[in-house]
Amino acid sequence: MAWLRSFLYMVFLVVTVIPYAFACILWAPLPQHWRYRLTVGWPRLAIWGAKFFCGIRWQIKGAENLPDGPCILLSKHQSAWETLFFPAHMPREVCYVYKRELHMLPFFGWGLALLRMIPIDRAKGRDAFEQVIRQGSLRLQEGRWPLLFPEGTRVAPGATARFKMGGALLAVRTGAVVVPVALNAGECWRRNAFIKKPGMITVSIGPAIESSGHTPEELNAKVQAWIEGEMRELNPERYVQQRSA
């Protein structure tokens, strides 16, 4: 049954993304704000479809910690689910940092390219980070929320990877506050797993952390400490298993 539900969900995503991509091209002349609102209708549809077909429900913990102004979101990354969730359900426009090559993906990449986020050319090496600073500063000035995954890739439940410095450096260079986010989407939607499991995903939003007065290393350590501590609250059984092993 889980295989069938996951198959139907995959068909649903493919069938809906193609016409949505063409619609994105049609409303490309509209102002950025309207392009964003219309385009994120598909991620919202995808999150709904995950609930309808696969039984993946969700809840937000700590929504009151989201500021009323610009900030930088630094989030745990376990699944493709959260990449759909954040633009669809955050109260402000989010801007991912991602490799420019994603614009070449048929259908999905077309819509992404029209959202004016923070695409980078990784072939430029160290200058790629300066691209993040320049574009991230502009997005913050527009009142949008840059969103980075410090671990850089999806990490299995119960595991952690080295937190990269990009988000903390951006915050210190711009003076923006940082909001850490923990989540356990990997319990339902594993990396590269076709079968999705029913369950409740919790997106836990931590208190905003001021970047002023901190070095990037200090700020990054604070973010990691909060996220990893909260992960032990969301799924303590994962860490009990680690200690037993």
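Just so it is clear, the model here is predicted, and its values are computed rather than measured.

Draft legend 1. Representation of the environment of Trp-81 within the structure. Mapped onto the elements of the fold, Trp-81 is located in helix H4 (residues 81-89). Expressed as a C-alpha distance, the spacing of Trp-81 and Arg-191, which sit 110 residues apart in the sequence, is 9.7 Å. Residues in contact with Trp-81, not counting those within four places in the same chain, are Ile-47, Ile-56, Trp-58, Ala-185, Trp-189, Ile-201 and Val-203.

Draft legend 2. A look at the environment of Phe-129. By the element assignment, Phe-129 lies in helix H6 (residues 127-141). Among the residues examined, Phe-129 registers a relative accessible area of 21% and is labelled partly exposed. When the C-alpha atoms of Phe-129 and Leu-84 are compared, they prove to be 24 Å apart, with 45 residues separating the residues in sequence. With near-sequence residues (within four places) excluded, Phe-129 lies in contact with Gly-166, Leu-169, Leu-170 and Arg-173.

Draft legend 3. Structural detail: the packing of helix H7 (residues 166-174) against helix H8 (residues 216-234). Where H7 meets H8, the closest approach of the two axes is 8 Å, and the angle between their N-to-C directions is 125°. Here H7 is positioned oblique relative to H8, judged by the angle of their axes. In the packing of H7 onto H8, the handedness of the crossing is right-handed. Taking contact as the criterion, the partners of Ala-168, Leu-169, Ala-171 and Val-172 in H7 are, on H8, Pro-216, Leu-219 and Asn-220. Taken together, the residues that form the contact of H7 with H8 break down as six nonpolar, one polar and no charged.

Draft legend 4. The nonpolar core, seen in detail. In terms of nonpolar packing, the biggest core is built from 42 residues, with Tyr-9, Leu-73, Trp-81, Phe-86 and Met-90 touching the most fellow members. Once residues within four sequence positions are removed from consideration, Met-90 is found in contact with Ile-60, Leu-66, Leu-73, Phe-85, Trp-145 and Ile-205. Counting 22 residues, the second largest nonpolar core, distinct from the first, contains Ala-128, Val-178, Leu-219 and Tyr-239.

Draft legend 5. Representation of unusual backbone geometry in the model. For Arg-116, which is not glycine, the phi torsion reads 50° and is therefore positive. For Arg-116, the position within the fold is in the loop between helix H5 (108-113) and strand E4 (118-120). One non-glycine residue, Asn-192, adopts positive backbone phi at about 60°. Its place among the elements puts Asn-192 in the loop between strand E6 (178-183) and strand E7 (199-205). Judged by its relative accessible area of 67%, Asn-192 is exposed.

Draft legend 6. View of the packing of aromatic side chains. Tallied over the full model, the rule gives 14 aromatic pairs. Connected via pairs of aromatic rings, a cluster forms that spans Tyr-9, Phe-12, Trp-48, Phe-52, Phe-53 and Trp-189. Lying over the aromatic face of Trp-189, Lys-196 brings its terminal NZ or CZ to 4.8 Å of the ring centre.

Draft legend 7. Structural detail: the pairing of strand E5 (residues 145-148). The alternating pattern of E5 places Trp-145 and Leu-147 on one face and Pro-146 and Leu-148 on the opposite face, and all of these are buried. Two strands pair when backbone bridges link them, and strand E2 (residues 72-75) and E5 are joined in this way by two bridges, in the parallel orientation. When the sheet's bridge partners are listed, Leu-74 is paired in E5 with Leu-148. Relative to E5, strand E3 (residues 94-99) runs parallel, the two sharing three bridges. Within E5, the residue paired with Tyr-96 across the bridge is Leu-147.

The rules we used
- Residues numbered from 1 in each chain as written.
- Predicted model: local features only at pLDDT ≥ 70, side-chain atom pairs only at ≥ 80, totals over all residues.
- Heavy atoms only, no water.
- Helix = DSSP H or I, 4+ residues; strand = E, 2+ residues; numbered from the N terminus.
- Contact = heavy atoms within 4.5 Å.
- Buried < 20%, exposed > 50% of the residue type's maximum accessible area, 1.4 Å probe, protein only.
- Axes fitted to C-alpha atoms, helices over the stretch in contact; angles between N-to-C directions.
- Parallel < 35°, antiparallel > 145°, perpendicular 65-115°, else oblique.
- Left-handed = near helix turned anticlockwise from the far one by under 90°.
- Nonpolar A, V, L, I, M, F, W, Y, C, P; charged D, E, K, R; others polar.
- Core = buried A, V, L, I, M, F, W, Y, C linked by side-chain atoms within 4.5 Å.
- Phe/Tyr/Trp six-rings, centres within 6.5 Å; stacked < 30°, edge-to-face > 60°.
- Lys NZ or Arg CZ within 6 Å of the ring centre and 35° of its normal.
- Pairing = 2+ DSSP bridges.

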